[in-house]
Amino acid sequence: MSRKKQSPSTSSQKPGKKEKLKKIGTGVFNVLMWCLGAFMYSSAVVCFIRPMQFTSGGVTGIALIINYLVPMLPIGALVFLINIPLFIASWKAFGLKFILNTLAATAIMSGMMDIITPMAEKYNWLYTGDEKLIGAIFGGILAGVADQSQLLGVLGSVEGIA
C-alpha cells in the first residue's frame, strides 16, 4: 500500500485566485455602494435641504451653514475640508483601514455634491415648492436611504467619523 502525500494546511498557503477575486469583488461592491449613497445623499442635500434653507446635522450641517453665509464656497469641498481634522484626530482610535475607507467615501460624497449642484441648478431639479414640510420629508427620506446604502459598503463612514 502506498501512502499519499498529505497536502499542506490551507491556512499556510497564499490566498488563491478565488479569494483574490472575492476581495476585489468586495472592494468594487463597497465603491458602488458609496457612489450610490453619495448620489442619493448629495441629491437630498442639494435638491431638497439647501433650497428650503434647512440644515442637517454633523459636518454637512456645518458646511451648509457656512454655504448659506458665503454662497460661493461649495458645500462638498467644505464637507471634505471640515472632515480633515476629524480624520487626523481619530486615526489612532479607529485604525488606518477605517480612516482610509472613510476618506474615500467622504471624497466620493463631497465630489458628488459639488457635481450635482450645478446640474441641479441648470436643469431645475431644486425643490422650491411652498410646502416646506414636503421638502423636509423627501430630503429626509432620500438622505436616510442614502445612509443605509452606504452602510452596505462597510468598514467606513461617510459623515466623517460617526
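Look up a bit, the structure's there.
First things first, this report covers the structure right here in the doc. Being a predicted model, the structure only gives us computed values, none of them experimental.

## Some remarks on the overall build of the protein chain
For the protein chain, the count of helices and strands is five helices and zero strands. Taken from the N to the C terminus, the helices and strands of the protein chain come in the order α-α-α-α-α. Within the span of the protein chain, comprising 162 residues, buried residues form 33% of the whole. Of the roughly 10400 Å² that the protein chain leaves accessible, carbon and sulfur atoms contribute 69%.

## Remarks on the packing of aromatic side chains
The tally for this structure, following the rule as stated, stands at five aromatic pairs. Seen from their ring centres, F94 and F98 are 5.0 Å apart, and the 25 degrees between their planes marks the pair as stacked. Residue class for F94 comes out partly exposed when judged on its relative accessible area of 41%. Members of the aromatic cluster, each reached through a chain of ring pairs, are F48, Y127 and F138.

## Here we look at the nonpolar core
Grouped together as the largest cluster of nonpolar side chains are 24 residues, with contacts concentrated most on Y41, V45, I75, V79, M109 and M113. For this core, the elements supplying multiple residues, two or more each, are α1 (17–49), α2 (58–69), α3 (75–94), α4 (96–122) and α5 (132–152). In contact with I75, not counting residues within four places along its chain, are R50, A63, L64, N67, M113 and D114.

## Digging into the packing of α1 against α4
Between α1 and α4, the shortest axis-to-axis distance is 8 Å and the interhelical angle comes to 45 degrees. Judged by the inter-axis angle, α1 sits oblique to α4. Once α1 is placed against α4, the crossing between them reads as right-handed. Residues W34, C35, A38, F39, Y41, S42, S43, V45, V46 and C47 of α1 pack against N101, A104, A105, I108, M109, M112, M113, I116, T117 and A120 of α4. Split into classes, the residues belonging to the contact of α1 with α4 amount to 16 nonpolar, four polar and no charged.

## Overview of a nonpolar patch on the surface
Taken together, I65, L69, V70, M72 and L73 make up a surface patch of nonpolar side chains, about 500 Å² in accessible area. The topology assignment puts V70 in the loop between α2 and α3. The exposure class assigned to V70 is partly exposed, which follows from its relative accessible area of 31%.

## Structural notes on the pattern of salt bridges
Throughout the structure, instances matching the rule amount to one salt bridge. Taking the shortest distance from any N to any O, the salt bridge between R50 and E121 comes out at 3.4 Å. Taken together, the residues R50 in the loop between α1 and α2 and E121 in helix α4 connect sequence positions 71 residues apart. E121 sits in the partly exposed class, given a relative accessible area of 44%.

## Some points on the environment of A143
Counting through the fold element by element, A143 comes out in helix α5. For the pair A143 and S43, spaced 100 residues apart in the sequence, the C-alpha separation amounts to 8.2 Å. Residue contacts for A143: discarding those within four places in its chain leaves Y41 and A44.

Here is what the cut-offs are and how they apply
- Residues numbered from 1 in each chain as written.
- Predicted model: local features only at pLDDT ≥ 70, side-chain atom pairs only at ≥ 80, totals over all residues.
- Heavy atoms only, no water.
- Helix = DSSP H or I, 4+ residues; strand = E, 2+ residues; numbered from the N terminus.
- Buried < 20%, exposed > 50% of the residue type's maximum accessible area, 1.4 Å probe, protein only.
- Areas by Shrake-Rupley, 256 points an atom, 1.4 Å probe, with all protein chains shown as cover.
- Phe/Tyr/Trp six-rings, centres within 6.5 Å; stacked < 30°, edge-to-face > 60°.
- Core = buried A, V, L, I, M, F, W, Y, C linked by side-chain atoms within 4.5 Å.
- Contact = heavy atoms within 4.5 Å.
- Axes fitted to C-alpha atoms, helices over the stretch in contact; angles between N-to-C directions.
- Parallel < 35°, antiparallel > 145°, perpendicular 65-115°, else oblique.
- Left-handed = near helix turned anticlockwise from the far one by under 90°.
- Nonpolar A, V, L, I, M, F, W, Y, C, P; charged D, E, K, R; others polar.
- Patch = residues over 30% accessible without salt bridge, like charges linked within 9 Å, V, L, I, M, F, W, Y side chains within 5 Å.
- Salt bridge = Lys/Arg side-chain N within 4 Å of Asp/Glu carboxyl O.

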